[in-house]
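# Breakdown of the fold
Residues per chain are reported as follows:
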Amino acid sequence: MERVNQKIEQLQEIVNNPGKQLNALLKSGKQVVGCFPEYTPNEIVYAAGMVPFGLWGAEGKEISEAKKYFPPFYCALALSTLELGLDHALNKLSAVMIPVLCDTLKCLGQNWKVGVPQVPFIQLVHPQNRAMPAGIAFLTEQYQRIAQQLGRISGQSVTPQALDRAIELFNQHRTALREFSQVAARYPRTISPLMRNTVIKSGYFMDVVEHTLRVREISALCTQLPTEQWDGHNIVVTGIIADSPAILQIFADNHMAIVADEVAHESRQFRQDVPPDSDPYRRLALQIAQLEGCSLLHDPEKKRGSVLVDMVRKNNAQGVVYLLTKFCDPEEFDAPIIKKQLDKEGIPSIIIEIDQQTKSYEQARTALQTFADVLSA
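Throughout, a residue's number is its position along its own chain's written sequence, starting from 1. Side-chain atom pairs in this predicted model are given and counted only at pLDDT of 80 or more, local residue features only at pLDDT of at least 70, and totals for whole chains, interfaces and linings cover all residues. The side-chain quantities take in all heavy atoms of the structure and omit both hydrogens and water.

Note on pairing: two strands pair once DSSP finds at least 2 bridges between them. To qualify as a helix, a DSSP run of H or I must reach at least 4 residues; to qualify as a strand, a run of E must reach at least 2; elements of each kind are numbered from the N terminus. Across the sheet, which stays open at both edges, the four strands sit in the order 2-1-3-4 with parallel pairing between neighbours. Each end of this open sheet is capped by a strand with a single partner; those strands are strand 2 (50-54) and strand 4 (121-124). Within this sheet the neighbouring strands show an average axis-to-axis angle of 25 degrees, counted without direction. Here three bridges tie strand 1 (residues 31-35) to strand 3 (residues 95-99), and the two strands are oriented parallel to one another. Note on strand 3: the bridge partner recorded for glycine 34 is valine 96. The criterion used for residue contact is that any of the two residues' heavy atoms lie within 4.5 Å. Orientation is described by lines fitted to C-alpha atoms, with helices fitted over the stretch in contact, and by angles between N-to-C directions that extend from 0 to 180 degrees. The sheet contacts of helix 5 (residues 103-115) involve strand 3 and strand 4, and relative to strand 3 the element is tilted by about 155 degrees.

Here a cavity means grid points, on a 1 Å grid over the protein atoms only, where a 1.4 Å probe fits yet cannot get out; a pocket means an open set of points with protein on both sides within 12 Å along at least five of seven lines; lining residues are those with an atom within 4 Å of a point. Grid points are joined across faces, edges and corners, and a volume is the space filled by probe spheres set on the points. Scanning all chains against the criterion turns up three cavities of 30 Å³ or more. Looking at the largest cavity, its volume works out to about 530 Å³. For the lining of the largest cavity, the elements supplying multiple residues, two or more each, are helix 3 (42-47), strand 2, helix 7 (160-186) and helix 11 (280-290). Ranked by residues supplied to the lining of the largest cavity, first place goes to helix 7 with four residues. Among the residues forming the lining of the largest cavity, the class breakdown is 19 nonpolar, nine polar and seven charged. Considered as a void within the structure, the second largest cavity measures approximately 80 Å³ in volume. Along its surface, the second largest cavity is lined by 13 residues, and Leu77, Ile241, Ile354, Asp355 and Gln356 are the ones closest to its centre. Under the scheme applied, nonpolar residues are Ala, Val, Leu, Ile, Met, Phe, Trp, Tyr, Cys and Pro; charged residues are Asp, Glu, Lys and Arg; polar residues are all the others, including Gly. For the lining of the second largest cavity, the class distribution of residues is six nonpolar, three polar and four charged.

The subject of this paragraph is the sheet that holds strand 5 (residues 233-239). Spatially, 6-5-7-8 is the arrangement adopted by the four strands of the open sheet, whose pairing is parallel. Two strands bound the open sheet, and with one partner strand each, they are strand 6 (256-263) and strand 8 (349-354). Across the sheet, the axes of successive neighbouring strands diverge by a mean angle of 25 degrees, strand direction being ignored. The sheet contact formed by strand 7 (residues 319-325) and strand 8 spans six bridges and is parallel. Paired with valine 320 across the bridge in strand 8 is serine 349. Seen against the sheet, helix 14 (residues 362-376) touches strand 5, strand 6, strand 7 and strand 8 and runs at an angle of roughly 165 degrees to strand 8.

What follows covers the pairing of strand 7. Relative accessibility under 20% of the residue-type maximum defines a buried residue, over 50% an exposed one, and the middle range a partly exposed one, all with a 1.4 Å probe and only protein chains included. With seven of its seven residues buried, strand 7 lies for the most part within the structure. Of the two faces of strand 7, the one carrying Gly319, Val321, Leu323 and Thr325 and the one carrying Val320, Tyr322 and Leu324 are both buried. Sheet analysis places strand 5 next to strand 7, joined by five bridges and oriented parallel. Residue valine 237 lies in a different strand from strand 7, and its bridge partner there is valine 321. Crossovers are marked right-handed if the path from the first strand over the helix to the second runs clockwise, as seen with the strands pointing away from the viewer. As a crossover connection, the stretch from strand 7 through helix 13 (residues 329-344) into strand 8 is right-handed.

The subject of this paragraph is the packing of helix 7 against helix 8 (residues 193-201). Closest axis-to-axis distance for the helix 7/helix 8 pair is 11 Å, and the angle between their directions is 175 degrees. On the basis of the axis angle, helix 7 is roughly antiparallel to helix 8. Contacts between helix 7 and helix 8 involve Leu177, Phe180, Ser181 and Ala184 on the former and, on the latter, Arg196, Val199 and Ile200. When grouped by side-chain class, the residues that make up the contact of helix 7 with helix 8 number five nonpolar, one polar and one charged. Reported orientations rely on four angle classes, namely roughly parallel under 35 degrees, roughly antiparallel over 145, roughly perpendicular from 65 to 115, and oblique for the rest.

On to helix 8, then. Three or four residues apart is the spacing at which side chains of an α-helix point the same way, because the helix has 3.6 residues per turn. Burial analysis of helix 8 places eight of its nine residues in the buried class, the great majority of the element. For helix 8, every residue scored as buried is listed here: Pro193, Met195, Arg196, Asn197, Thr198, Val199, Ile200 and Lys201. Where helix 8 is buried, its residues meet helix 1 (2-16), helix 7, helix 9 (208-223), helix 10 (245-253) and strand 6.

Residues Trp112, Leu150 and Phe251 are the most contacted members of the largest nonpolar core, which totals 117 residues. With 10 residues, helix 7 is the largest single contributor of residues to this core. Those residues in contact with phenylalanine 251 that sit more than four places away from it in its chain are Pro193, Ile235, Val237, Met256, Ile258, Val321, Leu323 and Leu368. Residues belong to one nonpolar core when they are buried, are Ala, Val, Leu, Ile, Met, Phe, Trp, Tyr or Cys, and are joined through side-chain atoms within 4.5 Å. The next biggest cluster of nonpolar side chains, apart from the first, holds 16 residues, and it includes Leu308, Ala317, Tyr322 and Ile347.

It is worth stressing that arrangement in space is one thing and function is another; only the former is reported here.
And the structure:
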């Protein structure tokens, strides 16, 4: 267990100091591209000889300059990331890639162009009807355009062979993270909710090959430990982001183990591999076409509820915690629908509002304590 803790502490150091990690990548001679939520083609960045670097806001970041571009009552992920750009913390990036999956991200990209012109902005437009042949063709062309832009920036053209190789490396990474998630569910005493998040989140700031090796090491060390008995609560978490240390500690305090998640920042990124195809760009488009259960993707049938029900049943979970990102319209529209679907299946659930600007979660603590009592009944 001590060796597991040591390995995760090393990753926690990276999570706590992403700026230091960025400097280390640059010092090694790498160019780095900032990748905003939610579905950026990291494989293309890697095939262009650069490192994708996740930009999902910053917990507790003081917002001042970004309020000149957005109203104060706005998605904190957008506010805090734009603030990082406006205060020049991201000047060393070679470019940023911003999808336009929601109204907030559409505005964020345009405001970035104006407010942070020193860091080139690459726009990514996903088709609404992403599973139609026309939608797949459109997204394939989008990826080809992005590859040309990244190639000009890096000075290294993206070849089909390089992109196929990058896809395989990222698929290996996805496999390693899926395996780790299963291991974490079996060892809830060893892997706390915060530690689980650390292992996943650190991958946003590291070379994919290195992070895959680290994750596999941790999984292997855990499986060498004796089988753990757990008398706490098994939960599934859903939402856009779930990396608030305060919330994760409240889970631990109430003996809640995350046995699976349907979180955009976490398993939604590695839930399924990029499928095979003769065209590597089309491979990436097909992955988006096949993805279900996301509030930012066109989902008229609202399949996220059934995805969560399957997760609960498969992982012997007792309930679902919906971490609702404050001021996120797509999530706020989905929350009551999903709650109703879970209620119909007899699965206890609770909606907890989270915000990267929130300094105290005492109200959430009380609600989760009550939810733990419900799960114990």
